[in-house]
Amino acid sequence: MKIPLMETDIQFNSLGLSDKLLQAIEEKGYKTPTPIQAQGIPAVLEGKDVMAAAQTGTGKTAGFVLPILEGLTKGDRAKANQARVLILTPTRELAAQIQDNIVDYGKHLPLSSTVVFGGVKINPQMMKLRKGVDILVATPGRLIDLHNQKAVRFNQLEVLVLDEADRMLDMGFIHDIRKILAFLPPKRQTLMFSATFSQEIRTLAKKLVQNPVEISVTPRNTTVKSVTQWICPVDKKQKSALLVRLIQENDWKKVLVFSRTKHGANRLTRYLEKKKISAAAIHGNKSQNARTKALKAFKEDEIRILVATDIAARGIDIDQLPQVINFDLPNVPEDYIHRIGRTGRAGLKGEAISLVSADEFKQLSDIEYLLNRILDRKVIDGFSPVHDVPVTRLDKRPSRAKKPKKPKKDSRQGQRSGAKGKGHNPRSGKGNTGRR
Ligand code: AMP
C-alpha cells in the first residue's frame with residue numbers, strides 16, 4: 001500500500017461516494033483521503049468547476065476519477081461514438097496510468113472507459129469507440145485524429161478534465177487544446193489540474209472554467225525537501241564508469257537515470273548491460289510497446305536501471321523510488337525539479353545525484369539559482385575531474401538558457417499515429433511553468 005504525502009482526519013465515507021466506490025477504495029488499501037481528495041471530491045460531486053494546483057503523488061487522480069465515476073452512475077449511458085467524460089493528459093504513460101486507476105476504482109460499477117494515444121494503431125481505438133464510452137482518456141494529438149475521422153463525438157459530454165495542464169503547455173499542446181475545446185459543448189463541468197499556476201495557465205483557465213473551486217495542495221518545494229540532493233563533479237568521458245561504480249558500491253537495486261538525449265539513453269543502456277547491470281531505456285523513439293514493457297519490468301524489479309529522457313518520464317508513478325540520477329543535467333532548470341520529484345515520493349526519503357561535467361556549468365548554475373542553494377559536492381575516488389566544475393555564485397542571476405526550438409508537429413510524444421518523436425526538448429520555452 002502506498003502512503004500519500006499527507007493524510008487527513010476525514011473519512012472516505014463522509015465525502016458522498018456510494019458503497020461500490022467505497023468498496024473499491026478499501027480494496028486499494030486507502031485508509032483516508034488525501035487533502036486533494038477531501039477537498040476535491042465533494043466539489044466535483046456538486047457539479048462545480050475545479051482548478052487545482054496539485055502534482056503527481058498527491059492522490060489527484062483518485063480526486064477526480066472517484067467523483068466522476070459517482071456522477072456517471074446517474075444519467076444516460078453513452079450512445080454510439082459518444083464520450084460522457086473526456087480526460088486530456090499530455091503523455092501516453094500518464095494516460096495509461098489514469099485508465100488503470102479508472103479500471104481499479106470503477107471495478108464494481110457497470111461503466112465503460114477507454115484510453116487513446118498516439119504511437120499505436122488507430123483502428124483498434126476506433127473500434128472501441130464505436131459503441132460509445134462513459135470515460136475517454138486521451139492525449140491531444142490522437143484525440144484530434146479520431147475526431148477528424150468521426151470516430152468520436154461529444155454531444156453527450158458532461159465533464160472535461162485537463163490533467164497536468166502546465167506540462168501540456170510546456171509541450172506545445174496549446175493549439176491542440178484550443179482545437180479540442182472548439183468541438184466540445186460549452187455547457188459542461190470542467191476540472192483543471194496543474195502543478196503550477198503560471199500566468200499562461202491562468203489565461204487558459206479563464207476560457208475553460210467558470211467560478212471554479214480553487215484547491216492548492218502543493219506548497220512550494222514540498223518535493224524537494226524530502227530529497228537529499230548532491231552532485232558528483234566528473235569528466236564527461238568518465239560518467240558511465242562512475243555510474244557503474246555508484247550502482248555497484250551502493251548496491252542500488254532500482255534507479256531511474258535521466259539522460260538529456262535519446263541517443264545518450266541508448267548508449268548508456270548498452271554500456272550498463274555490458275557491465276552486467278540490467279537496464280532499459282524509455283524515450284520517444286521507442287515504440288509504445290517497448291516503453292510499456294520497460295516500465296513494467298522496472299516496476300516489477302526485473303530490471304535495475306531505467307534510463308529515461310525527460311518527456312518519457314513525465315508523470316510516471318513509480319513506487320518508492322529511492323534514487324534518481326541525472327546522468328546529464330537538463331537544459332531547462334525546471335526539468336531538474338520534475339526529475340527529482342520522481343524520488344522521495346509519498347513521504348519517503350529519496351536521493352537525487354547529478355553527475356556534472358565542466359561543460360554543464362551553465363545548467364548547474366541555472367538549477368542552483370532556481371533552488372536558491374548550492375548543492376553539496378562529492379568527488380568519488382578515482383573520478384576526480386581534470387576539468388573543474390566552477391562554483392555558482394547565487395548573488396548573480398544567470399542569463400536564461402536559450403529558448404529551445406519548437407518541436408516539429410510529429411515530434412511530440414503521446415501524439416499522432418506512428419509518430420516517432422524527433423525533438424529533443426519539446427518545451428515551448430514560455431514562462432517558468434515548472435517552478436515550484
Ligand atoms: P496520483 O497523485 O494520483 O498520481 O497518486 C499517487 C499515488 O497515491 C498513487 O499510486 C495512488 O494509488 C496513491 N493514492 C491515492 N490516493 C490515496 C489514498 N487516499 N491513500 C493512499 N494512497 C493513495
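As a starting point, this report considers the structure included with it.

Reading guide: rules and limits
Residues numbered from 1 in each chain as written. Predicted model: local features only at pLDDT ≥ 70, side-chain atom pairs only at ≥ 80, totals over all residues. Heavy atoms only, no water. Pairing = 2+ DSSP bridges. Helix = DSSP H or I, 4+ residues; strand = E, 2+ residues; numbered from the N terminus. Axes fitted to C-alpha atoms, helices over the stretch in contact; angles between N-to-C directions. Contact = heavy atoms within 4.5 Å. Buried < 20%, exposed > 50% of the residue type's maximum accessible area, 1.4 Å probe, protein only. Polar contact = N/O pair within 3.5 Å; in protein donor to acceptor, adjacent residues only side chain to side chain.

## Things to note about the sheet that holds strand β1 (residues 50–53)
Pairing is parallel in the open sheet, where seven strands are placed in the order β3-β4-β2-β5-β6-β1-β7. If you trace the sheet from one side to the other, it starts and ends with β3 (113–116) and β7 (213–216), each paired once. Within the sheet, the average angular offset between the axes of one strand and its neighbour, ignoring direction, is 15°. Across five bridges, strand β2 (residues 83–88) lies against strand β4 (residues 133–138) in parallel orientation. Counted as the bridge partner of L86 is L136 from β4.

## Some remarks on the environment of H387
As for its position among the elements, H387 is in the segment after β14 (376–377). Along the backbone, H387 and V234 are 153 residues apart, and their C-alpha atoms lie at a distance of 8.0 Å. Those residues within four positions of H387 in sequence are excluded, and the remaining contacts are D235 and A358.

## Looking at the side chain of Q323
With respect to the helices and strands, Q323 occurs in strand β12 (residues 323–326). Residue classification places Q323 among the buried residues on the basis of a relative accessible area of 9%. There is a polar contact of 3.2 Å between the side chain of Q323 and the side chain of E351. Among all residues touching Q323, those that are not within four sequence positions of it are W252, K254, V255, L256, T343 and E351.

## So, the sheet that holds strand β13 (residues 350–356)
Across a sheet, paired strands are connected by hydrogen bonds in the backbone, their directions being either parallel or antiparallel. Strands sit in the order β10-β11-β9-β12-β13-β8-β14 across an open sheet of seven strands; the sheet is parallel. The two strands at the open ends of the sheet, each matched to only one other strand, are β10 (279–282) and β14. Looking at chain direction, β12 and β13 are connected through four bridges and run parallel. Within β13, the position partnered with Q323 by the bridge is E351. Sheet strands in contact with helix α12 (residues 262–274) are β9 (255–258), β10 and β11 (305–308), and its direction is about 170° off that of β10.

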